[in-house]
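One letter stands for each residue in the lines below.
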Amino acid sequence: MMDSSLQEKTLDVVKIREQFPILHQEVNGKPLVYFDNAATTQKPLAVINAITDYYSTINSNVHRGVHHLSQKATVALEESRHKIQQHIRAAEPHQVIFTQGTTDSINLVSIAMERSNLLRKGDEVLVSALEHHSNIVPWQILCERTGATLKVIPINQQGEIVMEEYRALLSENTRLVTFNHISNALGTVNPVQEMTRLAHDAGAWVFVDGAQAAPHTAIDVQALDVDFYAFSGHKAYGPTGIGVLYGKEKILEDLAPYRGGGEMIESVSFEKTTYAGLPHKFEAGTPHIEGAIVMGAAIDFLNEIGLDRIATHEEQLISHALKRMAEIEGMRFIGEARQRAGAISFLIEGLHPYDVGVLLDQMGIALRTGHHCAQPIMDFFDIPGTLRASFGLYNTTGEIDRMMEALQKAVSMLR
Amino acid sequence: MSIQDTQREIVDEFGMFSDWMEKYEYLIELGKSLPLIDEAYKQDENLIKGCQSQVWLHAEDNGEKVVFTADSDAILTKGLIALMIRVLSNHPAQKIVEADMSFIDEIGLKEHLSPTRANGLASMIKQMKYYALALQAR
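Parameters and conventions
- Residues numbered from 1 in each chain as written.
- Chains lettered and ligands numbered in written order.
- Predicted model: local features only at pLDDT ≥ 70, side-chain atom pairs only at ≥ 80, totals over all residues.
- Heavy atoms only, no water.
- Helix = DSSP H or I, 4+ residues; strand = E, 2+ residues; numbered from the N terminus.
- Buried < 20%, exposed > 50% of the residue type's maximum accessible area, 1.4 Å probe, protein only.
- Areas by Shrake-Rupley, 256 points an atom, 1.4 Å probe, with all protein chains shown as cover.
- Lys, Arg positive; Asp, Glu negative; His and termini not counted.
- Charge placed at Lys NZ, Arg CZ, Asp CG, Glu CD.
- Core = buried A, V, L, I, M, F, W, Y, C linked by side-chain atoms within 4.5 Å.
- Contact = heavy atoms within 4.5 Å.
- Buried area = accessible area lost by both parts, 1.4 Å probe.
- Salt bridge = Lys/Arg side-chain N within 4 Å of Asp/Glu carboxyl O.
- Polar contact = N/O pair within 3.5 Å; in protein donor to acceptor, adjacent residues only side chain to side chain.
- Nonpolar A, V, L, I, M, F, W, Y, C, P; charged D, E, K, R; others polar.
- Pairing = 2+ DSSP bridges.
- Axes fitted to C-alpha atoms, helices over the stretch in contact; angles between N-to-C directions.

1. Some details on the overall build of chain A
A count of helical and extended segments in chain A gives 14 helices and 17 strands. Dimensions along the principal axes, computed over C-alpha positions, put chain A at roughly 75 × 55 × 30 Å. Relative to its 415 residues, chain A shows a buried fraction of 58%. Only carbon and sulfur atoms are counted for the fraction: they give 50% of the accessible area of chain A, which is about 16800 Å². Averaged over its 35 positive side-chain charges, chain A has a centre that lies 1 Å from the centre of its 50 negative ones.

2. A word on the nonpolar core
The biggest cluster of nonpolar side chains holds 77 residues, and the ones touching the most others in it are Phe-346 and Leu-359 of chain A together with Phe-68 and Met-84 of chain B. Among the elements that take part in this core, helix H3 (residues 75-88) of chain B stands out by supplying 10 residues, more than any other. The contact partners of Phe-68 of chain B, leaving out residues within four places of it in the chain, are Leu-57, His-58, Ala-59, Ile-85, Leu-88, Ser-89, Ile-96, Met-128 and Tyr-131 of chain B. If you look at the next biggest cluster of nonpolar residues, it comprises 72 residues, including Tyr-54, Ile-153, Ile-155 and Val-221 of chain A.

3. Structural notes on unusual backbone geometry
For residues that are not glycine, phi is negative in most cases, and the peptide bond is trans in most cases. Geometrically, the link from Leu-278 of chain A to Pro-279 of chain A is a cis peptide bond, its omega value of 0° lying close to zero. Note that Pro-279 of chain A resides in the loop between strand E12 (273-275) and helix H10 (289-305). One non-glycine residue, Asn-28 of chain A, lies in positive phi territory at about 50°. Tracing the backbone through its elements, the reader meets Asn-28 of chain A in the loop between strand E1 (26-27) and strand E2 (30-31). At Asn-90 of chain B, a position not held by glycine, the phi torsion is positive, near 70°. Taking relative accessible area as the criterion, Asn-90 of chain B reaches 42% and is therefore assigned partly exposed.

4. Observations concerning the interface of chain A and chain B
Interface size, as often reported, equals the accessible area lost upon joining of the parts. With 16 residues of chain A at the contact, the number on the chain B side is 17 residues. In total, about 1600 Å² of surface goes out of reach between chain A and chain B, with carbon and sulfur atoms giving 60% of it. For the chain A face of the interface with chain B, the top three residues by lost area are Tyr-354, Gln-362 and Met-413 of chain A, together amounting to 40%. Across the chain A-chain B interface, the total number found is zero salt bridges. There are four residue pairs in polar contact (both at pLDDT 80 or more) connecting chain A and chain B. Secondary-structure elements contributing two or more residues to the side of chain A that touches chain B are helix H12 (353-362), strand E16 (368-370) and helix H14 (397-414) of chain A. Ranked by residues supplied to the side of chain A that touches chain B, first place goes to H12 of chain A with six residues. The class makeup of the residues in the side of chain A that touches chain B is six nonpolar, five polar and five charged.

5. Brief notes about the sheet that holds strand E14 (residues 343-348) of chain A
Residue and element names in this part refer to chain A. Strand order in the open sheet made by the four strands is E13-E14-E17-E16, with antiparallel pairing throughout. The open sheet terminates on both sides in strands that have one partner only, identified here as strand E13 (331-334) and E16. Each strand axis lies, on average, 30° off the axis of its neighbour in the sheet, ignoring direction. For E16 and strand E17 (residues 386-390), the ladder comprises three bridges, and the chain directions are antiparallel. Across the sheet, Arg-368 pairs through a bridge with Arg-388, a residue of E17. With respect to the sheet, helix H11 (residues 307-325) is in contact with E13 and E14, its orientation differing from that of E14 by roughly 10°. The strands touched by H12 within the sheet are E14, E16 and E17, with E17 carrying the most contacts at an inclination of about 40°.

What follows is the structure in structure tokens.
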């Protein structure tokens, strides 16, 4: 069946959807509508095939063997690093460190900062109130272990960071400021450049959680001037278990390694071990070779379509969704930032998000319900959780209309 | 009516529904009719915690039988609880502990047994059996 709404203005979504085999299935007898992209995105054939190709042709351990396959795998991995470097406009490929994902990248920096004795009592770490648990807990642990203080940058009722309060919190004691580029729970886009400039004026480092930004927007780490930037492969059409930490060269060079093992050393003896240079110092053990290589394939896929066009298409989806969803009586949007991308969080008056989510699932609509691993945000709005529709490049306004039909049906059943 | 008879009765009731909507409309109706737990028992210690919906469950031993009351903030969860209470409440603790709950599969609500559904039926049933076991031991 041809859906006329697939003829979207900006992207040839029909052609794009052909690249995503998983989307062509029925759930509970209805064609799947996948609106849980903020949790993870589906994978295009380019990515699925690259995984098979890797294991069918060049699988081997990297950076060790002189043999043919090992060299091929090493070259492929380093080429992928290079692609990612160019994609995020980092100055050097060795500023791109492969990790297990955003959470791992955050833990890497927080543990390395502790090992490097960079924090002491009286120092402060500022964390925004918009954060995912994974960008709260590692810094909490760092503060507990060093005696530093964790302070929270407040948000307003629209779900935006309150810049005056942020400025007031910054001081000579601030060592690190961390916040996300785009909020997973509310879709807020934060003013990264301005916040970074203010943090630097106070002499603090900036760590940006870019997990939600990578699939939706072009990233330029040098223009943003951030000290660290992290994102995951799987939220940007790539594989799970692989992600990236970008860091400024001098900072990465000075930080102590957070894990010891093979690959990360220059020489080892029982008296003294010297560490390898960047990026290997932070890549102990056999890396997720296939994931790292295939992450490059996902980036090629994104760049062939163009992130500008993807962003425009997704803006059209969000504005269509916001307009249509407002038709529902009692609709309450949670987070109404002026700059937003990716996700729409909402509640319907008198209805529990879980009930609505279960009924939508019966109608083939995949949405997320709950606190989205951001309990402090739910506490701030004094709600148990939300429903969240989050969009990807393969979604269509027609799918939003189908979600609307399903929402209206669910509301009439539950009221 | 024995636990098994009640289960058979429920399986028959669900057998009459022709589609998922009727089934869920029935669950919603059951949820709305669930006699509320006494507010005094709606305490944190009676809460089965999860990230999706909250369930308060209270068990009382009236001498021979265990009586359950419960509540939830989500209506479908309440409907599921109402079914479980209809099956397990007002029976001797030993019978509750031994009850085979595989009828849930037969009525097409197996997806709610999935351990990934926080506060799904699985944790509810486990908690009910645990209460029965505790009351039996006293």
